[in-house]
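Listed below are the residues making up each chain.
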Amino acid sequence: MIDQRRADGSLRHLITLEGVRRDEVEALLGRAQHYARALARGSAYNRVLEGVQVATLFAEPSTRTRVSFELAGRRLGAQVLNLELQLSSRVKGESMLDTVYTLQALYFDVLVIRDAEAGVLAHVAAHVAPQVSVLSAGEAHLSHPTQGLLDALTVREHKGAIDQLAIAIVGDIRHSRVARSAYQVFRLLQARELRIVGPPGLLPESEEFPGCARFETLEAGLEGVDVVMMLRIQKERFAATRVPDAAEYFARYGLTPARLARARPDAIVLHPQPMNRGIEIASEVADGPQSVIRAQVSNGVAVRMAVLETVAGRLAQ
Ligand code: ASP
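In short, a report on the structure.

**Notes on the pattern of salt bridges**
In the structure shown here, the tally under the stated rule is 21 salt bridges. Note that Asp287 is salt-bridged to Arg277, the shortest N-O span being 2.8 Å. You can see Asp287 sitting in the loop between α10 (283-286) and α11 (293-312) and its partner Arg277 sitting in the loop between β9 (268-270) and α10, a full ten residues away along the chain. Overall, the relative accessible area of 40% leaves Arg277 in the partly exposed class.

Structure follows, in structure tokens:
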């Protein structure tokens, strides 16, 4: 397991939710909720990261995650620099670790990294100087911890205690880091029932997601659930032969209003975005009254504020 803590036991890195304790997740969600309310009031500013330098290094595309880390850092008084990896020396063959050592020599305190390769984040965390924190902004198909936290915050805000809820994670689970982090956080918070739903080829190996019921049809998988968590079809992680035909996928697994009617009438719908409208989700659902997809985006800023404050804020010292 990746060691994410300082000697005193406090969280220094956030690379995975695996091994993060329930009280730590509750504390992060509590702070995030505080910031979410402050954001809605227009008053989410403080200086707990004054003098802290944050760098974002994204080796895969991102809109929401990168922007919300940047906004979160700025709202807490940090200086945030976005490194364009496509333009940097990494494309000339420089290793991630050399890039990281350069940033360390420039006195960056927090490195927010997205990478397509599993294991790069743990490797970086194991080599950075003790004052540097490493935060995952998404790692291969493995982990996206701040997404998991923002999903939990969004569900809790709209549906209350997670231990009362039946949650279905739907679609391309096999390739999804969002699904893995959601599973970890919902399991930690003891969701009443967790389901994974998708075509057999996109469900994970049988030993993954222990404790989840598996469904191969959307109709059965959505029956009576409180929360429907849709995922993007991750074409970039498919072997070419496995890319499903879009029309056929929508016909069998697309979330339409008729299929959503199988869930509880007050069920909510999440999607991490970017959405493939008309493939995994119909626009009527994405933009409909049960969708909380835009709330997820706002909560992303609040969660990243809580995480940055926890690993690098003056309050944490
Ligand atoms: N934005 C999320 C991620 O980076 C979800 C997705 O891309 O499908 O994992």
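Moving on from the model shown.
**Regarding the nonpolar core**
Counting residues in hydrophobic clusters, the biggest one holds 64 residues, and the most contacted among them are Leu135, Leu149, Ile162, Ile169, Phe186 and Leu308. Per-element tally for this core: the top contributor is α11, with nine residues. Those residues within four positions of Ile162 in sequence are excluded, and the remaining contacts are Ala152, Val155, Arg156, Ile167, Phe186, Leu189, Gln190, Ala191 and Arg192.

**Brief notes about unusual backbone geometry**
The general pattern is negative phi for most residues beyond glycine and trans for most peptide bonds. The omega torsion of the bond from Gln273 to Pro274 falls at 0°, within 30 degrees of zero and hence cis. Relative to the assigned elements, Pro274 resides in the loop between β9 and α10. The phi dihedral of Ala140 is positive, around 40°, even though this residue is not glycine. Tracing the sequence through the fold places Ala140 in the loop between β4 (133-139) and α5 (145-159).

**With respect to the layout of surface pockets**
The space that makes up the largest pocket amounts to roughly 360 Å³. Taken together, 20 residues form the lining of the largest pocket, with Arg114, Arg177, Arg232, Gln273 and Pro274 sitting closest to its centre. Here the residues of the lining of the largest pocket are counted per class, giving five nonpolar, eight polar and seven charged. Per-element tally for the lining of the second largest pocket: the top contributor is helix α6 (residues 177-188), with three residues.

**What to know about the packing of helix α1 (residues 22-41) against α5**
Two numbers describe a pair of packed helices, the interaxial angle and the distance between the axes. Interaxial distance between α1 and α5 falls to 10 Å at its minimum, and their mutual angle equals 70°. One way to sum up the angle between α1 and α5 is to call them roughly perpendicular. The handedness of the crossing between α1 and α5 is right-handed. Of the residues in α5, those touching α1 at Val25, Glu26, Leu28, Leu29, Gly30, Ala32, Gln33 and Ala36 are Leu149, Ala152, Leu153, Arg156 and Glu157. Looking at the contact of α1 with α5, its residues break down into eight nonpolar, two polar and three charged.

**A look at helix α4 (residues 120-127)**
For α4, the set of buried residues is Val120, Leu121, Val124 and Ala125. End-on, the buried residues of α4 take up no more than an arc of 130°, which puts them together on one face. For α4, the secondary structure elements touched by its buried residues are α3 (96-105), β3 (110-115) and β4.

**Here's the deal with the packing of aromatic side chains**
Under the counting rule described, the total for this entry stands at two aromatic pairs. With a centroid separation of 4.9 Å and an interplanar angle of 50°, the aromatic rings of Tyr183 and Phe209 are classed as tilted. Remark: Phe209 occurs in the loop between β6 (193-197) and β7 (213-215) and Tyr183 occurs in helix α6; sequence separation between them is 26 residues. A single burial state applies to Tyr183 and to Phe209, both of which are buried. Across from the ring centre of Tyr45, 4.6 Å away, lies the NZ or CZ of Arg75, which sits over that ring.

**Concerning empty space enclosed by the protein**
A complete count under the given rule lists two cavities of 30 Å³ or more for this structure. Within this model, the largest cavity holds a volume of roughly 80 Å³. Along the walls of the largest cavity sit 13 residues, with Arg64, Leu150, Pro272, Gln296 and Val297 positioned nearest its centre. Every element with two or more residues in the lining of the largest cavity is listed here: α2 (64-75), α5 and α11. Of all the elements, α11 adds the most residues to the lining of the largest cavity, at five residues. Volume-wise, the second largest cavity comes out at about 40 Å³. Lining the second largest cavity we find Ile233, Lys235, Pro244, Ala246, Tyr249 and Ile279.

Criteria and cut-off values
- Residues numbered from 1 in each chain as written.
- Predicted model: local features only at pLDDT ≥ 70, side-chain atom pairs only at ≥ 80, totals over all residues.
- Heavy atoms only, no water.
- Salt bridge = Lys/Arg side-chain N within 4 Å of Asp/Glu carboxyl O.
- Helix = DSSP H or I, 4+ residues; strand = E, 2+ residues; numbered from the N terminus.
- Buried < 20%, exposed > 50% of the residue type's maximum accessible area, 1.4 Å probe, protein only.
- Core = buried A, V, L, I, M, F, W, Y, C linked by side-chain atoms within 4.5 Å.
- Contact = heavy atoms within 4.5 Å.
- 1 Å grid on protein atoms, 1.4 Å probe; cavity = no way out; pocket = protein on both sides within 12 Å on 5 of 7 lines; lining within 4 Å.
- Points joined across faces, edges and corners; volume = space filled by probe spheres on them.
- Nonpolar A, V, L, I, M, F, W, Y, C, P; charged D, E, K, R; others polar.
- Axes fitted to C-alpha atoms, helices over the stretch in contact; angles between N-to-C directions.
- Parallel < 35°, antiparallel > 145°, perpendicular 65-115°, else oblique.
- Left-handed = near helix turned anticlockwise from the far one by under 90°.
- Arc of directions from axis to C-beta.
- Phe/Tyr/Trp six-rings, centres within 6.5 Å; stacked < 30°, edge-to-face > 60°.
- Lys NZ or Arg CZ within 6 Å of the ring centre and 35° of its normal.

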